[in-house]
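Examining the three-dimensional arrangement
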Amino acid sequence: MGYVSAVPPPPPPVDDAAEAPESRSSRRSVAVALLLGTLGSTVVLLASGRVWARGTTALGADSLELTADGTAVTGLPAPLAIVGLAALVAVFAVRGKSRLLVSGLLALSGLGAALAAILAADGRRALDAEAARTTADTAAQVAGLTQTAWPYVTAAGAALILAAGLLALRFGRGWPAMGGRYERDGAPRGRKQPVVDPDRPEDLWKALDRGEDPTN
């Protein structure tokens, strides 16, 4: 006569291939968002320090060459990139509605940095101010204005920050939080072993079915 257990067999293990597509997409989006946000912030910070515009101004009988970097043209992209980087980290430190708000801040910082870089790309105002300061003539203006590609590189980096924010808004609900257990995203959670009461036969049977030694 074979062994018969009164306890129903445990459910079969979940096949990873049968995992919900949304859960897999959520986990992949974490790595993509971190990559995009970090790369975008780095690009914005580096490109903001490059020369965005060049020109000349009259200084007596001569002409003086002038340049303006991104921080002189507009002071917004670099600080917004720092805000975006901080928001990217903060996304994993909060949950619920707070995570939604931080994700929105991440997206808005990228959008703001991109718009600021594009709208101020020509650098004329910054070069006019530099011409007035250099020549001590408030009416001095820049001539022969040329632009570099760095404003648009800055805008491209800001677009990466925006993309990271949009990913956080779309998939952030399923992302893990710092110092917490993974939830319904496929990662293991801590499980407390049931207490075996030696005076209850049903507990002893359940422990035996689990492969445990109830006498310990």
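Predicted model only: the values in this text are computed from it and were never measured.

Assigned secondary structure in the protein consists of 7 helices and 3 strands. Helices (α) and strands (β) of the protein occur, in sequence order from the N terminus, as α-β-β-α-α-α-α-β-α-α. Long-range pairs, those at least 24 residues apart, make up 68% of the contacts in the protein with a sequence separation of at least 6. Accessible area of the protein: about 13,600 Å², with a carbon and sulfur share of 62%.

With that settled, the discussion passes to the sheet that holds strand β2 (residues 62-69). Read from one edge to the other, the open sheet built from 3 strands follows the order β2-β1-β3, with strand pairing classed as antiparallel. This sheet does not close on itself; its edge strands, each paired only once, are β2 and β3 (143-147). Going across the sheet, the axis of each strand differs from the next one's by a mean of 15°, ignoring polarity. Contacts from helix α5 (residues 124-135) reach β1 (51-59), β2 and β3, with the element oriented near 130° to β2.

It is worth spelling out helix α6 (residues 150-171) at this point. Between its first and last C-alpha, α6 extends 32 Å over 22 residues, near the 32 Å set by a 1.5 Å rise per residue. Taken together, the buried positions of α6 are occupied by Pro151, Thr154, Ala155, Gly157, Ala158, Ile161, Ala164, Gly165, Leu167, Ala168 and Phe171.

Counting residues in hydrophobic clusters, the biggest one holds 20 residues, and the most contacted among them are Leu106 and Trp175. Broken down by secondary-structure element, the contributors of at least two residues to this core are α1 (21-48), α3 (77-90), α4 (96-119) and α6. Per-element tally for this core: the top contributor is α6, with 6 residues. If we skip the residues at most four places from it in the chain, Leu106 touches Gly84, Ala87, Leu88, Ile161, Ala164, Gly165 and Ala168. Counting residues in hydrophobic clusters, the runner-up holds 13 residues, among them Ala68, Ala120, Ala140 and Ala155.

Moving on, we get to the packing of aromatic side chains. Taken as a whole, this structure holds 1 aromatic pair when the rule is applied. Taken together, a centroid distance of 5.5 Å and an interplanar angle of 10° make the contact between Phe92 and Trp175 stacked. Taken together, the residues Phe92 in the loop between α3 and α4 and Trp175 in the loop between α6 and α7 (201-209) connect sequence positions 83 residues apart. Per residue, the accessibility class of Phe92 equals that of Trp175, and both read buried. In this arrangement the basic side chain of Arg170 is found over the ring face of Phe171, its NZ or CZ atom lying 4.6 Å from the centre.

Now for the pairing of β1. For β1 and β2, the ladder comprises 8 bridges, and the chain directions are antiparallel. Looking across to β2, one finds that Arg54 is bridged to Thr67. Where β1 folds back onto β2 in an antiparallel hairpin, the turn is made up of 2 residues, including Gly60, whose phi is positive at roughly 70°. Summarising the sheet, β1 and β3 pair through 3 bridges and their orientation is antiparallel. Its bridge partner being in β3, Thr56 is matched across the sheet by Ala143.

Taking 1.5 Å per residue, 14 residues should reach 20 Å; α3 reaches 20 Å between its end C-alpha atoms and fits that length. Within the span of α3, buried status applies to Pro77, Ala78, Ala81, Gly84, Ala87 and Leu88.

Now for the environment of Leu35. Looking at the secondary structure, you find Leu35 in helix α1. Using a relative accessible area of 57% as the deciding quantity, one classes Leu35 as exposed. Here the alpha-carbon distance between Leu35 and Ala164, two residues 129 residues apart in the chain, equals 8.2 Å.

Before going further, it helps to spend a moment on the confidence of the model for the protein. Scored by pLDDT, the protein has a mean of 80; 70% of the residues are at 70 or more. Within the model, the stretch residues 14-19 combines pLDDT values under 50 with 6 contacts to residues more than four positions away or in other chains. Counted against residues more than four places away or in other chains, residues 180-188, with its pLDDT under 50, gives 19 contacts.

Criteria and cut-off values
- Residues numbered from 1 in each chain as written.
- Predicted model: local features only at pLDDT ≥ 70, side-chain atom pairs only at ≥ 80, totals over all residues.
- Heavy atoms only, no water.
- Helix = DSSP H or I, 4+ residues; strand = E, 2+ residues; numbered from the N terminus.
- Contact = heavy atoms within 4.5 Å.
- Areas by Shrake-Rupley, 256 points an atom, 1.4 Å probe, with all protein chains shown as cover.
- Pairing = 2+ DSSP bridges.
- Axes fitted to C-alpha atoms, helices over the stretch in contact; angles between N-to-C directions.
- Expected span 1.5 Å × (residues − 1).
- Buried < 20%, exposed > 50% of the residue type's maximum accessible area, 1.4 Å probe, protein only.
- Core = buried A, V, L, I, M, F, W, Y, C linked by side-chain atoms within 4.5 Å.
- Phe/Tyr/Trp six-rings, centres within 6.5 Å; stacked < 30°, edge-to-face > 60°.
- Lys NZ or Arg CZ within 6 Å of the ring centre and 35° of its normal.
- pLDDT = per-residue confidence, 0-100.

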